[in-house]
Amino acid sequence: MMLNNTDFRLIGKLEENGRASYIELAQALKINPSTVAKKVKYLLKEGIITIKAVPNPYKLGHTANALIVMNVPMNKIDDVCLRLKPKFNVNLIVTTFGRFYLILGVHYPTWDMLLSFISSELSDTGDVSEMETYFVKGVWKRYYGVSSDNYLDQNVAKIDDVDLRLIEELANNGRYSCLHLSEKMGISLSAVSKRLAGLLKDNVIQIRAIPSATKMGYQSNAYIFIHAEREKIDEICNRLYSYREVSTLMTLMNGYGIHASILARTPETLYDFLKKKVASIPGVTRMETLIHGELIKRYYGTFHQSESDLAVLSKSEPRLK
């Protein structure tokens with residue numbers, strides 16, 4: 001089945017509000033609600049989008065963030081991913097090709113808690129043969145996440161264990177009804193509705209559709225770690241920020257100076273971008289590339305359909321396998 005212009009417009013509306021009703025979506029798109037329902041179910045079933053709560057780490061007080069790259073024996077990768085996937089503080093799990101086989105993104109309220117996770121959940125299991133941890137200094141670009149430029153303007157939200165459980169449920173499925181959540185969590189329907197409204201109003205979470213970059217035709221994606229001249233890191237980040245191929249951009253405290261996620265449609269365009277646009281930036285001294293394999297878990301979107309993207313994609317109508 002091929003996506004048409006209406007499908008892309010629907011995805012765009014769900015990116016704005018993942019809990020919009022079929023009637024609201026139908027009115028915005030000027031189509032029948034039953035058609036909207038059918039399309040949404042198809043998009044979800046085929047993995048073209050997921051709809052989930054995207055937590056705001058700063059509102060949760062999770063200011064200790066790290067990227068962890070590791071090697072795990074091939075016959076244990078699935079087991080390790082299965083064990084780590086339910087952990088709320090692990091916001092990214094992706095397999096890769098290159099020097100390392102697995103990348104994790106983790107966030108905790110304190111550095112002590114982060115280090116405890118690394119030592120108890122990763123290092124002591126015996127499954128990890130090699131591991132490097134890069135502590136995140138600042139977030140320049142991350143779709144649906146919160147960048148460091150407004151971090152100081154935010155106060156940690158006052159939430160309790162029930163709120164956290166509600167966030168976790170919605171991180172699995174952002175379109176769960178309040179009735180379903182009430183029954184599953186064992187609290188009243190009015191309590192669920194009130195808590196959800198508060199979490200959304202205070203920007204503790206956003207509920208959005210997150211498109212699959214791979215399903216949208218970006219088949220050759222990569223994670224790059226950049227060694228750079230320290231005095232030029234901000235200048236380099238400003239350059240990288242301007243490229244639409246760069247979906248995530250962070251500065252690191254140790255090891256490499258910069259991390260970026262890159263979206264490309266083919267191996268050729270990926271290589272061309274790395275060679276001509278990244279390696280040529282003054283101050284970039286060396287970079288390591290890990291090729292994207294299988295996405296196991298992601299809280300934060302790394303792909304966003306802009307209006308120009310929708311126009312191009314609707315004309316090319318990529319075939320989804």
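Our subject is the structure that appears above.
First, a word on what this report is: a plain description of the structure on this page.

### Examining the pairing of strand β5 (residues 130-142)
Each regular strand carries side chains that alternate between the two faces of the sheet.
Part 1: With six bridges connecting them, strand β2 (residues 64-71) and β5 associate as antiparallel partners. The partner of I68 across the bridge, within β5, is T133.
Part 2: Strand direction decides the pairing type here: β5 and strand β8 (residues 246-252), joined by five bridges, are antiparallel. Bridged to K141 within β8 is L249.

### Things to note about the sheet that holds strand β7 (residues 222-228)
What links the strands of a sheet is backbone hydrogen bonding, and the strands pair in either a parallel or an antiparallel sense.
Part 1: One closed barrel accounts for eight strands, arranged β2-β4-β3-β10-β7-β9-β8-β5; its pairing is antiparallel. Averaged over all pairs of adjacent strands, the angle between their axes in this sheet comes to 35°, without regard to strand direction.
Part 2: Of the strands in this sheet, β5, β7, β8, β9 (258-262) and β10 (284-298) are in contact with helix α9 (residues 233-241), which crosses β8 at around 170°.
Part 3: Against the sheet, helix α10 (residues 267-278) touches β7, β8, β9 and β10, its axis set at about 145° to β10.

### Notes on the packing of helix α1 (residues 5-16) against helix α2 (residues 22-29)
Part 1: It is at 11 Å that the axes of α1 and α2 come closest, and there the two elements cross at 125°. Relative to α2, the element α1 is oriented oblique. As α1 packs across α2, the resulting crossing turns out to be right-handed. Here α1 contributes R9, L10, K13 and L14 to the contact with α2, which in turn contributes L25, A28 and L29.
Part 2: Classifying every residue of the contact of α1 with α2 by side-chain character gives five nonpolar, no polar and two charged.

### So, the pattern of salt bridges
Part 1: For the structure on display, the rule yields 13 salt bridges.
Part 2: The partner of R99 in a salt bridge is E132, with the nearest N and O atoms 3.2 Å apart. Of the two residues, R99 is situated in the loop between β3 (90-97) and β4 (102-108) and E132 in strand β5; the sequence distance between them amounts to 33 residues.
Part 3: On the accessibility criterion, R99 (38% relative accessible area) is partly exposed.
Part 4: A salt bridge links R99 to E288; the nearest nitrogen and oxygen atoms lie 2.7 Å apart. With R99 in the loop between β3 and β4 and E288 in strand β10, the pair connects residues that are 189 residues apart, well separated along the chain.
Part 5: Looking at E288, the relative accessible area reads 14%, which means it is buried.
Part 6: A single salt-bridge network, built from bridges that share partners, covers R99, E130, E132 and E288.

Rules of the game
Every chain begins its residue count from 1, and numbering advances along the sequence as written. Note on the predicted model: pLDDT of at least 70 is required for a residue's local features to be given, and 80 or more for side-chain atom pairs to be given and counted; whole-chain, interface and lining totals, by contrast, use all residues. Side-chain measures here rest on the full set of heavy atoms in the structure, leaving out hydrogens and waters. Pairing between two strands requires that DSSP report at least two bridges joining them. Note on conventions: DSSP H or I runs of at least 4 residues are helices, E runs of at least 2 residues are strands, and numbering of each starts at the N terminus. Throughout, an axis means a line fitted to C-alpha atoms (over the contacting stretch in the case of helices), and angles, computed between N-to-C directions, take values from 0 to 180 degrees. We call two residues in contact whenever any of their non-hydrogen atoms come within 4.5 Å of each other. Angle categories: roughly parallel below 35 degrees, roughly antiparallel above 145, roughly perpendicular from 65 to 115, and oblique for all the rest. By convention, the crossing between two helices is left-handed when the near helix turns anticlockwise from the far helix through less than a right angle, and right-handed when the turn is clockwise. The nonpolar class holds Ala, Val, Leu, Ile, Met, Phe, Trp, Tyr, Cys and Pro. Asp, Glu, Lys and Arg form the charged class, and all remaining residues, Gly among them, are polar. Just to be clear on terms, a salt bridge is a Lys or Arg side-chain nitrogen sitting within 4 Å of an Asp or Glu carboxyl oxygen. Classification of residues uses two cut-offs on accessible area relative to the type maximum, computed with a 1.4 Å probe and protein chains only: under 20% is buried, over 50% is exposed, and between them is partly exposed.

Take it as geometry only, folks, not as evidence of what the structure does.
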